[in-house]
Amino acid sequence: MRVPFIAGNWKMNLTHLEAMDFLVDLESRFENKNGCEIAVCPPFTSIRSVKTLLDEKKIEASLGAQNMFYEQSGAYTGEISPLMLKALGVEYVILGHSERRQYFYETNGLVNQKIKSSIANGIKPILCIGETLDIRERGEAEDFVLGQLKECLDGIDQDAAALLTIAYEPIWAIGTGKTATVQDANGMCSRIRGKLSKLYKDKTAEEIRIQYGGSVKPSNISELMHASDIDGALVGGASLKVDDFLDIINY
Ligand code: PEP
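Keep in mind that what you see is a predicted model, and the values were worked out from it rather than measured.

### Things to note about the packing of helix 5 (residues 108-120) against helix 7 (residues 141-152)
1) Next: For the pair helix 5 and helix 7, the least separation of the axes is 8 Å and the interaxial angle reads 45°. Taken together, the axes of helix 5 and helix 7 lie oblique to each other. Here helix 5 contributes N108, V111, N112 and I115 to the contact with helix 7, which in turn contributes Q148, E151 and C152.
2) Next: In terms of residue class, the contact of helix 5 with helix 7 is built from 3 nonpolar, 3 polar and 1 charged.

Below is the structure:
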């Protein structure tokens, strides 16, 4: 049984003071009717404050980061290492988000190095993959997404793979208000699982959670979560509104 996993990606939003206000508000109304695993992924500058409040307020949510570098320390100005995240109590890290690929030129090769490093340092990766509208319209979405998956997981063994979450995020649906149809989203998630079962043992492929991401909101979450191969959601914009985030968790 895969425990549904809903993670909020705050992107470059909320100062640490705003993040604390958010958590106080969240705690005052927090409920998790479906027993999902919940994670919040704030910017680096808020991680410490968020962790303190999650602990103090006993909010049952995991802590995630939105990125990391693969080295443990050294002359890499502006970067954050897995050791630094681990020391702050970070459990998950989003890797390969399309915004990192688009604006910071991250390649599958770099994402692969980051995945290896996160696992070696005890942080579980949420690997994002997804196609552009152009690729989808050319009928090449499946090949593209499965190609990304294969390259990002190159050299990742069975034990390491068991720690993965995959987020299928069609780029044309991120922050646009357009959601993939449940059929399309579930179809791709099921092909991703099929590919995982070629790369790993069936048991491992069955246990890896596959999230959908792309304009998830209270009005579409329920339908998505009832699809056979969608095990959760990576939520951007709607995770910044306490009401919407709670409605999504309690779909
Ligand atoms: C995301 O940030 O991964 C995302 C899916 O964003 P949004 O929900 O805003 O489309």
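### Some remarks on the nonpolar core
1) Next: Of all hydrophobic cores here, the largest spans 67 residues; its most connected members are I115, L127, L153, I166, I192, L196 and Y212.
2) Next: When sequence neighbours within four positions are dropped, the list of residues in contact with L196 reads L149, L153, I166, A205, I208 and I210.

### Structural notes on the pattern of salt bridges
Two side chains bearing opposite charge may form a pair once their charged atoms approach each other closely.
1) Next: With the rule as written, the count across this model stands at 19 salt bridges.
2) Next: Across the salt bridge formed by R29 and D243, the nearest N and O atoms sit 2.1 Å from each other. Taken together, the residues R29 in helix 1 (residues 16-29) and D243 in helix 12 (residues 242-249) connect sequence positions 214 residues apart.
3) Next: A residue is classified by how much of its surface remains accessible, and D243, at 46% relative accessible area, is partly exposed.
4) Next: The salt bridge involving R100 is made with E106; its shortest N-O contact spans 2.9 Å.
5) Next: On the accessibility criterion, E106 (6% relative accessible area) is buried.
6) Next: Residues participating in the shared-partner salt-bridge network are R2, R193, E206, D229 and D231.

### Comments concerning the pairing of strand 5 (residues 124-129)
1) Next: Counting buried positions along strand 5 yields 5 of 6 residues, so the element is predominantly enclosed.
2) Next: Of the strand pairs in this sheet, strand 4 (residues 92-95) and strand 5 are connected by 4 bridges, and their pairing is parallel. Counterpart to Y92 in the pairing with strand 5 is K124.
3) Next: Two elements, strand 5 and strand 6 (residues 165-168), share 4 bridges in a ladder whose sense is parallel. For I129, the partnering residue across the bridge sits in strand 6 and is Y168.

How each quantity is defined
- Residues numbered from 1 in each chain as written.
- Predicted model: local features only at pLDDT ≥ 70, side-chain atom pairs only at ≥ 80, totals over all residues.
- Heavy atoms only, no water.
- Axes fitted to C-alpha atoms, helices over the stretch in contact; angles between N-to-C directions.
- Helix = DSSP H or I, 4+ residues; strand = E, 2+ residues; numbered from the N terminus.
- Parallel < 35°, antiparallel > 145°, perpendicular 65-115°, else oblique.
- Contact = heavy atoms within 4.5 Å.
- Nonpolar A, V, L, I, M, F, W, Y, C, P; charged D, E, K, R; others polar.
- Core = buried A, V, L, I, M, F, W, Y, C linked by side-chain atoms within 4.5 Å.
- Buried < 20%, exposed > 50% of the residue type's maximum accessible area, 1.4 Å probe, protein only.
- Salt bridge = Lys/Arg side-chain N within 4 Å of Asp/Glu carboxyl O.
- Pairing = 2+ DSSP bridges.

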